[in-house]
Amino acid sequence: MTRAVVPPDLKGEKPAAGVKVNLYEDVAARLSRLIDQGAYKTGDRLPSVRALNKQLKVSVSTVMEAYRVMEDRGRIEVRPQSGYYVKPPLTRLSEPNISAPVCEPMPVSSEFFLSRLWRDSLNPKLLNLGAATPNPELLPLDKLSRMLASVVRSDNSLGSTYDQPPGCAPLRVQIVRRMIQAGCTLTPDQIVTTSGCQEAVSLCLRAVCRPGDTVAVESPIFYGILQAIESLGLQALEIPTHPRDGISIEALKNAVSQNRVSACLVMSNFSNPLGSCISDANKKSLVALLERRQIPLIEDDIYGELYFGSERPRVAKSFDKTGNVLLCSSFSKTIAPGYRVGWVAPGKYQAQIERLKMANNLAVALPTQMAIAKFLENGGYDHHLRRIRRIYERQVAAMSEAINRHFPQETKVTRPTGGYVLWIELPAGTDSLQLYQTAIKAGITIAPGTVFTAQPKYRNCIRLNAAFWSEKVDHALEVLGKMVLSLKK
Ligand SMILES: Cc1ncc(COP(=O)(O)O)c(C=O)c1O
């Protein structure tokens, strides 16, 4: 079936007022929406480049770029001499349902298994699909090394002096400039630099909780956060979380009305492991709910810059009028995890965080902070991000498609719109810990679902890292798919 007219809603629709998007991204987003809404079905021909050029009053190259982006995303295919056609959906597999943890505070006892998972995932002899590390080939390491050399050469004292909280001023200036895109107006004195996002989150928990207190979190949740909760003697209250929309605000509202909760911790954009992204409306409601209840919100936005769409999603902090939100992030996923540079905008907890940072380890190393500051200032960070976003998006699509090909039909997989991890629900009864052991023998690491909760849950789930893609990874997924079939009860 072919259809190549431009529907009226495509002609009329404009980007929201005040929203700055690339024109080709806007055209791609509008066409994709029409496909999602069923105006164009699998196999339909899309309007020609000339037709769109005339109807939308955009240049031929803009339309071609929009079609190229859609092709990269696996939405359409080009048929030579014929035109652009809608491809079948990337996966026949459905999405996992909203999670259903027991909504009660529980102590966390992180398994001994975690250190094994970490050690195996960093073993260069194994194929790492387990840890959520970025692909080193997609990090600007050469440029950064040159910048590091240049900053220490030009100022010897960087190696002889201590920094002190709130941390390196030029870096804090760059951070606040970047956060404007996330809807946040901060000043450099509202930032404290930290050794990665992990330290930022731990300091926040220490600032707002006392041992024995309860922290409301998404479920499943990044195991590093569970470790931080455990090390501080806190309890985790896991809240149902949707694989696309994030934490359920309704469930959280109920949980905080029935339990004494000292903090709520969320990964607002492209969470680990679900890849969920909380809508602006829900971010606003979340901030308002916690503000009303005087419960501090710790927001981890470490994947926020890795969006696949046309706009950087806002942070919940952008809705914060009272300083109740403590926003944490780092450059580990986009620039260099080994530099250990992160930060927190602690709102009204600024003084406590500065004091705790000093008590913890005085300050972050100055040379790495300066090198990152220099890279942000004139290393082409935006260009770098545009490139890696596109690659990660393609790889996430390629991995989903490979799971679709190789895994049993009952498998469910998330559809993240940013970041680079996939959460996979294997057929009921599949034991991901057993899969882990079998996969290791084949030289592959995965992250079993059990490490993403304090409860006896997610045993039939795994998280995979899509930061790496090659024929070898495709083959590894084929091997994993066969293992899953053989483990299936
Ligand atoms: C959600 C989340 N928060 C924090 C961290 C830790 O970040 P960093 O390496 O900057 O300490 C990670 C690392 O994987 C993460 O996925």
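Relevant structure appears above.
A brief look at the structure comes next.

Reading guide: rules and limits
- Residues numbered from 1 in each chain as written.
- Predicted model: local features only at pLDDT ≥ 70, side-chain atom pairs only at ≥ 80, totals over all residues.
- Heavy atoms only, no water.
- Core = buried A, V, L, I, M, F, W, Y, C linked by side-chain atoms within 4.5 Å.
- Buried < 20%, exposed > 50% of the residue type's maximum accessible area, 1.4 Å probe, protein only.
- Helix = DSSP H or I, 4+ residues; strand = E, 2+ residues; numbered from the N terminus.
- Contact = heavy atoms within 4.5 Å.
- Expected span 1.5 Å × (residues − 1).
- Arc of directions from axis to C-beta.
- Patch = residues over 30% accessible without salt bridge, like charges linked within 9 Å, V, L, I, M, F, W, Y side chains within 5 Å.
- Areas by Shrake-Rupley, 256 points an atom, 1.4 Å probe, with all protein chains shown as cover.
- Salt bridge = Lys/Arg side-chain N within 4 Å of Asp/Glu carboxyl O.
- Phe/Tyr/Trp six-rings, centres within 6.5 Å; stacked < 30°, edge-to-face > 60°.
- Pairing = 2+ DSSP bridges.
- Right-handed = clockwise from strand over helix to strand, strands pointing away.
- Axes fitted to C-alpha atoms, helices over the stretch in contact; angles between N-to-C directions.
- Left-handed = near helix turned anticlockwise from the far one by under 90°.
- Nonpolar A, V, L, I, M, F, W, Y, C, P; charged D, E, K, R; others polar.

1. Concerning the nonpolar core
For step 1, the next point in the chain: Grouped together as the largest cluster of nonpolar side chains are 117 residues, with contacts concentrated most on F331, I403, L464, L477 and L480.
For step 2, the next point in the chain: The biggest single contributor to this core is helix α14 (residues 381-406), with nine residues.
For step 3, the next point in the chain: Among residues more than four places away in sequence, those in contact with L464 are L129, M399, I403, Y420, V421, L422, I424, I446, L477 and L480.
For step 4, the next point in the chain: Residues I239, C264, L290 and A316 belong to the second largest nonpolar core, which totals 22 residues.

2. Remarks on unusual backbone geometry
For step 1, the next point in the chain: Cis peptide bonds are those with omega within 30 degrees of zero, and the linkage from S219 to P220 qualifies with 0°.
For step 2, the next point in the chain: Within the secondary structure, P220 is located in the loop between β6 (214-219) and α9 (223-231).
For step 3, the next point in the chain: Residue N272 is joined to P273 through a cis peptide bond whose omega torsion reads 15°.
For step 4, the next point in the chain: One can find P273 in the loop between β9 (263-266) and α11 (280-292).

3. A word on helix α6 (residues 141-154)
For step 1, the next point in the chain: With 14 residues, α6 ought to run about 20 Å at 1.5 Å a step, and its terminal C-alpha atoms sit 20 Å apart, in line with that.
For step 2, the next point in the chain: Looking at α6, one finds that the buried residues are L144, M147 and V151. Angularly, the buried residues of α6 cover 60° about the axis, an arc narrow enough to put them on a single face. Relative to its buried face, α6 has exposed residues pointing more than 90 degrees away, namely D142, R146 and R153.
For step 3, the next point in the chain: Those residues of α6 hidden inside the fold are in contact with α13 (366-378).

4. Description of a nonpolar patch on the surface
For step 1, the next point in the chain: The grouping of Y162, M358 and L362 at the surface amounts to a nonpolar patch, some 360 Å² of accessible area in total.
For step 2, the next point in the chain: Of note, L362 is situated in the loop between α12 (350-361) and α13.

5. Examining the packing of aromatic side chains
For step 1, the next point in the chain: Under the definition given, this model contains nine aromatic pairs.
For step 2, the next point in the chain: Note on F222 and Y223: the rings are 5.1 Å apart at their centroids and 45° apart in plane angle, and the pair reads as tilted.
For step 3, the next point in the chain: Using a relative accessible area of 7% as the deciding quantity, one classes Y223 as buried.
For step 4, the next point in the chain: With 5.6 Å between their ring centres and 85° between their planes, W423 and Y458 make a pair best called edge-to-face.

6. Observations regarding the pairing of β6
Along any regular strand the residues' side chains alternate between the sheet's two faces.
For step 1, the next point in the chain: Here β6 lies mainly inside the structure; six of its six residues are buried.
For step 2, the next point in the chain: The pairing of β6 with strand β7 (residues 235-242) spans six bridges and is parallel. Bridge assignment links V217 to a residue of β7, and that residue is E238.
For step 3, the next point in the chain: What joins β6 to β7 is α9, and the crossover it makes is right-handed.
For step 4, the next point in the chain: Where β6 and β9 come together, three bridges link them in parallel fashion. Counted as the bridge partner of V217 is L265 from β9.

7. Concerning the packing of helix α8 (residues 196-208) against α9
For step 1, the next point in the chain: Interhelical geometry of α8 versus α9 gives an angle of 35° and a closest axis separation of 10 Å. Considering how the two elements wind past one another, α8 and α9 form a crossing that is right-handed. Judged by residue contacts, Q198, V201, S202 and L205 of α8 engage G224, I225, A228 and I229 from α9.
For step 2, the next point in the chain: Across the contact of α8 with α9, the residue classes tally to five nonpolar, three polar and no charged.

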